[in-house]
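# Secondary and tertiary structure notes
The residues making up each chain are set out below.
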Amino acid sequence: MNTLTILAGVLLFFSTSLVGLWVKRRFIRKASFYESYYRYLQYAWDKISYERMPIGEINTSYCKGKKDEFCDYLQGKTLALPLSEGEIDEVSRYLSAIGTSDADTELATLGGKCSEMKRFTEENCVKYRKDGTLYFKLAVLLGVVAFIIIV
Amino acid sequence: MLDGVLTKSIIRRLPCGVTEIRIRRGRPLTYLTQKGRYFSDYVISDDEFESALNLITEHSLYAITEKLVNGYIPLRGGVRVGVAGEGVMDGDRVKTIKHITSLSVRIPHQIFGIADFLQIDGKFEQNVLIISPPGAGKTTLLREITRVLSNAGKCVTILDERGEISGASGNSFALDVGKNSDVLFGFPKKTSYENALRALSPEYIVTDELSGERDVEGVLRAYYGGVKVIATLHGDSLDVFHGEFAHLAPIFDRLILLSKYPRVGTVVEEKKR
C-alpha cells in the first residue's frame, strides 16, 4: 500500500461525498422552491381576493426582503433552478396565465392551484429532504466502500 | 403621463397637447387635440393592440373586471380608458368584456383660471351644475372650481368614483384639487354620498356626471343636509330638469352650459337662479 493509493482513496471518498452533498442540496433547494411557490400562490389569492392588486405589485410585495430562488425566478433573474425542464415549464405556464381572466375565474383557478400545491408540498417536500439526506449518506457510503476497495 | 400606459410606438406618434386617443384593432390610430381630430396613417396591428391592452390592464384583468363591466378602466393620473368589445353575461349581470376591439384613452387636463368668471371666494355659497355634451370640458371646469373653492377655505369632499377629477392613484393625486379637499376614490356613488355626509362633514360635495336615481337621491340628501353641491351632467341645453332629474330643479343656483366650439370649455350660456 503506497501513499498514492491512499491519496486516491481519500480523493475518491471526498469526491463521492461532495457529489452526495450537491445532490442533497439540490433536493433541499427544490423543496424550498416549491414551498415558496405555494406561499406565493396563497399570498396572490389573498391580494387578488381582498385588494384586486395587480400581478406586478403582488410579485414585488411578495418578494420584498425575501431571498429565495422562487423570488429570483419570479423577478426574471436567470439562474439554474433545481427543477427539471418539464417542472420549470409547468410553473412558468401557470404563472404567465395569472391575470388573463376576470376576478371570479381567477380566484377559482388560483384557489384550485393552491389546494393542489398544498397537497404537493405536504407530500413531496418532506420526501425531497429525506431523499436528499439518503442520497448524501449513500454517496458517503459509496466513498467509504471505494476507499476500502482501493486501499 | 402615458409612459408605461401605452406602447412606445403609439406614444411616438402623438403630438403634444393630445386630449383623447382612440386605439382600434386593425384601424388607424386617431387622436384629438384642441385643434380637432386627426387620423394617423399608423394602423394598429393585433399584436400592438394586445400589447397596449396588457399595459393598460397591467397584465391583471381580474384587477379591473368590476370597472371593465362599466365600460372603462381607470389608470394613474386620472387617465380613463373606455373599452368596447363583447359583453359576457352571467344571467342579467355583465360578467366581463371579451374580444376587446377599441380603447378610448382620455387624458385629463388642468387649466388654472378657467373658473375665474364665477368669482369664488370664502363667501361663495352656491350649488352649481355644469352641463355639456361629452368632451366639452365639464370635468376640467369642475376640477378648477373644486381647487379654487378648496383653496378659499371651503371643506370640499370629492366623490371621484373613477379618479378623473383628482387623478387619484393609490394614495396620491396627479391633479391639484386644492388644499382643503378630501377624495373618495373608487367608491360607487351610492356609497360615497353616505360616507361623505356621515364621516367627512363637507361644506361642498363635488361629483362628476350625475346619472340615475341614486345620484339624484344623493344630491337631494346632501342639499337637504345643508351641504352645497357642485356637479356635472351630460346635456346640450340648460333644459335638463326632466325625467329622473326633475327633482333637482329647485336645488341648483347656477347653471353653466359648455360647448366644445369654438374651443373646448366655451361657456355658451349661464343662468343664475
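Each chain carries its own residue numbering, running from 1 in the written order of its sequence. As they are written, the chains are lettered A onward and the ligands numbered 1 onward, keeping that order. At least 70 in pLDDT is required for a residue's local features to be given in this predicted model, at least 80 for side-chain atom pairs to be given and counted, and no such filter applies to totals for whole chains, interfaces and linings, which use all residues.

### Describing the overall build of chain A
Strands here are runs of E lasting at least two residues and helices are runs of H or I lasting at least four, both read from the DSSP assignment and numbered beginning at the N terminus. Tallying secondary structure elements over chain A gives 5 helices and 0 strands in all. In chain A, the order of α-helices and β-strands from amino to carboxyl end is α-α-α-α-α. C-alpha atoms define the radius of gyration, and 2.2 Å times the number of residues to the power 0.38 defines the globule rule. A compact globule built from 151 residues should have a C-alpha radius of gyration of about 15 Å, whereas chain A, at 21 Å, is more than 25% larger. Along the three orthogonal principal directions, the C-alpha set of chain A runs to about 75 × 30 × 25 Å. A residue is called partly exposed when the number of other C-beta atoms within 10 Å of its own lies between 12 and 20, exposed at 12 or fewer, and buried at 20 or more, with C-beta atoms placed from the backbone. Looking at the 151 residues of chain A, the share that counts as buried comes to 23%. We call two residues in contact when their backbone-placed C-beta atoms lie within 7 Å. Taking as baseline every contact in chain A between residues at least 6 positions apart, the subset at least 24 positions apart corresponds to 86%.

### Quick word on the interface of chain B and chain A
Counting residues at the interface gives 9 residues for chain B, matched by 12 residues for chain A. For the side of chain B that touches chain A, the class distribution of residues is 3 nonpolar, 4 polar and 2 charged. Classification convention: Asp, Glu, Lys, Arg as charged; Ala, Val, Leu, Ile, Met, Phe, Trp, Tyr, Cys, Pro as nonpolar; all other residues, Gly among them, as polar.

### Some thoughts on the nonpolar core
In this structure, Ile 23 and Val 81 of chain B are the most contacted members of the largest nonpolar core, which totals 46 residues. The element that contributes the greatest number of residues to this core is helix α1 (residues 3-51) of chain A, accounting for 10 residues. If we skip the residues at most four places from it in the chain, Val 81 of chain B touches Ile 56, Tyr 72, Ile 73, Leu 75, Leu 103, Ser 104 and Val 105 of chain B. For this entry, the nonpolar core is defined as buried Ala, Val, Leu, Ile, Met, Phe, Trp, Tyr and Cys residues connected by C-beta atoms within 7 Å. Among the nonpolar cores identified, the runner-up in size contains 45 residues, and Ile 130, Ile 145, Leu 159 and Val 240 of chain B belong to it.

### Looking at unusual backbone geometry
With glycine set apart, most residues show a phi of negative sign, and most peptide bonds adopt trans. Residues and elements named next belong to chain B. The omega torsion of the bond from Tyr 261 to Pro 262 falls at 0 degrees, within 30 degrees of zero and hence cis. One can find Pro 262 in the loop between β14 (254-259) and β15 (266-272). Located in the positive-phi region is His 59, a residue other than glycine, with phi close to 55 degrees. Counting through the fold element by element, His 59 comes out in the loop between α2 (46-57) and α3 (65-68). Even without being a glycine, His 99 presents a positive backbone phi close to 45 degrees. Along the polypeptide, His 99 turns up in strand β6 (residues 93-106). Take His 99: there are 10 C-beta atoms within 10 Å of it, and that puts it in the exposed class.

### Some remarks on the confidence of the model for chain A
The predicted structure's coordinates, where accompanied by low pLDDT, should not be read in detail. When pLDDT is averaged along chain A, the result is 90; 99% of the residues meet or exceed 70. One number per residue, pLDDT, summarises how confident the predictor is, and it ranges from 0 to 100. Across chain A, element-level confidence peaks in helix α2 (residues 55-63) of chain A with a mean pLDDT of 93 and bottoms out in helix α5 (residues 103-150) of chain A with 90.

### A few points about the sheet that holds strand β8 (residues 156-160) of chain B
All names here are of chain B. Note on pairing: two strands pair once DSSP finds at least 2 bridges between them. Read across the sheet, 7 strands follow the order β11-β8-β12-β13-β7-β14-β15 without closing on themselves; strand pairing throughout is mixed. The open sheet has two edge strands, β11 (181-185) and β15, and neither has a second partner. In this sheet, neighbouring strand axes are inclined to one another by 15 degrees on average, regardless of whether the strands run parallel or antiparallel. Taken strand by strand, helix α4 (residues 138-151) contacts β7 (128-132), β8, β11, β12 (204-207), β13 (228-234) and β14, and its axis lies near 170 degrees from that of β13. Orientation is described by lines fitted to C-alpha atoms, with helices fitted over the stretch in contact, and by angles between N-to-C directions that extend from 0 to 180 degrees.

### Let's talk about the sheet that holds strand β5 (residues 80-90) of chain B
Sheet strands associate in pairs through backbone hydrogen bonding, adopting either a parallel or an antiparallel arrangement. All names here are of chain B. In spatial order, the strands read β3-β2-β1-β6-β5-β4; together these 6 strands make up an open sheet with antiparallel pairing. Strand pairing shows two members of the sheet lacking a second neighbour, β3 (36-43) and β4 (72-74), which therefore form its edges. Strand-to-strand twist across the sheet, computed as the mean angle between neighbouring axes with direction ignored, equals 35 degrees. Direction of pairing for strand β1 (residues 20-24) relative to strand β2 (residues 28-33): antiparallel, over a ladder of 3 bridges. Bridge assignment links Glu 20 to a residue of β2, and that residue is Leu 32. The strands that α2 touches are β1, β4, β5 and β6; relative to β6, the one it contacts most, it runs at about 105 degrees.

### Looking at the pairing of β15 of chain B
All names here are of chain B. Relative to β15, β14 is paired through 6 bridges, and the arrangement is antiparallel. When the bridges of β15 are listed, Ile 256 appears paired with Glu 270. The hairpin turn running from β14 into β15, its antiparallel successor, is 6 residues long, and Gly 265 in that turn takes a positive phi close to 95 degrees.

### Re the packing of α1 of chain A against α5 of chain A
Residues and elements named next belong to chain A. Running from N to C, α1 and α5 point in directions that differ by 170 degrees, and their axes come no closer than 8 Å. Here α5 runs roughly antiparallel to α1, going by the angle between their axes. Residues belonging to the contact of α1 with α5 are distributed by class as follows: 35 nonpolar, 13 polar and 8 charged. Just so you know how the angles are binned, under 35 degrees is roughly parallel, over 145 roughly antiparallel, 65 to 115 roughly perpendicular, and the rest oblique.

### Description of α1 of chain A
By definition here, a helix of n residues has an expected span of 1.5 Å times n minus one. Taking 1.5 Å of rise per residue, the 49 residues of α1 of chain A would be expected to cover 72 Å, and the 69 Å separating its terminal C-alpha atoms lies within 8% of that figure. Where α1 of chain A ends, the next residue or the one after it, Arg 52 of chain A, has phi of about 55 degrees, a positive value.

### Here's the deal with the pairing of β13 of chain B
Residue and element names in this part refer to chain B. Where burial is concerned, most of β13 is hidden: 6 out of the 7 residues are buried. Here β7 pairs with β13 via 5 bridges, running parallel. Looking across to β13, one finds that Ile 131 is bridged to Leu 233. By the bridge criterion, 4 bridges tie β12 to β13 in an arrangement that is parallel. Within β13, the position partnered with Thr 207 by the bridge is Ala 231. Call a crossover right-handed when, viewed with both strands pointing away from you, the route from the first strand across the helix to the second goes clockwise. Remark: the β12/helix α6 (residues 212-224)/β13 crossover connection has right-handed handedness.

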